[in-house]
Amino acid sequence: MKQVLSLNINGHDRDVMVSHEDLLVDVLRDQLGLIGTKKGCGHGSCGTCTVIIDGEAVLSCLTLALSSQGKKITTIEGIEKDGALHPLQQSFIERGAVQCGFCTPGMIMSAAALLSHNKSPSIEEIKIGLSGNLCRCTGYVKIVDAVEVAAAKMRQLDAAQKGA
Ligand code: FES
Ligand code: FES
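Residues numbered from 1 in each chain as written. Chains lettered and ligands numbered in written order. Predicted model: local features only at pLDDT ≥ 70, side-chain atom pairs only at ≥ 80, totals over all residues.

Could you give an account of the domain arrangement of the chain, with specific residues and numbers?
Taken domain by domain, the chain consists of domain 1 (3-78) and domain 2 (87-163). Computed from C-alpha atoms alone, the centre-to-centre distance between domain 1 and domain 2 is 21 Å. Between domain 1 and domain 2, the contact holds 15 residues from the first and 13 residues from the second. Elements represented by at least two residues in the side of domain 1 that touches domain 2 include exactly β3 (50-53) and β4 (56-59). Sort the elements by how many residues they give to the side of domain 1 that touches domain 2 and β3 lands first, with 3 residues. Split by residue class, the side of domain 1 that touches domain 2 holds 6 nonpolar, 7 polar and 2 charged. (Domains from an automatic or database assignment. Contact = placed C-beta atoms within 7 Å. Helix = DSSP H or I, 4+ residues; strand = E, 2+ residues; numbered from the N terminus. Nonpolar A, V, L, I, M, F, W, Y, C, P; charged D, E, K, R; others polar.)

Right under this line is the structure:
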């Protein structure tokens, strides 16, 4: 039997009909058309399905959709602002941290959650923050570099806004 799931996704209130066994990753991709969130392993090992729920990075393939009732969800489609890429998206492009791109949305969402809690992470802290996200292509060095660069950009933006 299906029931209504009410969510706030990327700033918009949405209602969808879901079953008890539906996984959040499938609802996002198949019902809401948010296919930026990838489904890689489907069992919690690769991190490609990472989204942010109420400020925390969460694996949407291990999350029953109904457990997100009333929560605020951010996916990769929701992090740009006023048509401008998020600093993490920009840095991933500039630092060559994207190859096939399959891991990239999950990497960026894990990094966004990390930077929301820690504006100046060390290299070690970035590696720990991304430890649940696998990449088959890049070797990780450029990804860690991109997160470090984005963190610096975001601190500069914060400082400029406070000074304005
Ligand atoms: S698809 Fe969720 S961790 Fe791999
Ligand atoms: S860029 Fe291909 S898996 Fe990471």
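After that view, the rundown keeps rolling.
Talk me through the sheet that holds strand β2 (residues 12-18); I want residue IDs and the actual numbers.
If you trace the 5 strands from one edge of the open sheet to the other, you get β2-β1-β5-β3-β4, paired in mixed fashion. Of all the strands in the sheet, just β2 and β4 have a single pairing partner and so form its edges. Between one strand axis and the next, the sheet turns through 40° on average, direction left out of account. As paired strands, strand β1 (residues 3-9) and β2 are joined by 7 bridges and run antiparallel to one another. Each residue of the ladder has a partner; that of Asn 8, found in β2, is Asp 13. (Pairing = 2+ DSSP bridges. Axes fitted to C-alpha atoms, helices over the stretch in contact; angles between N-to-C directions.)

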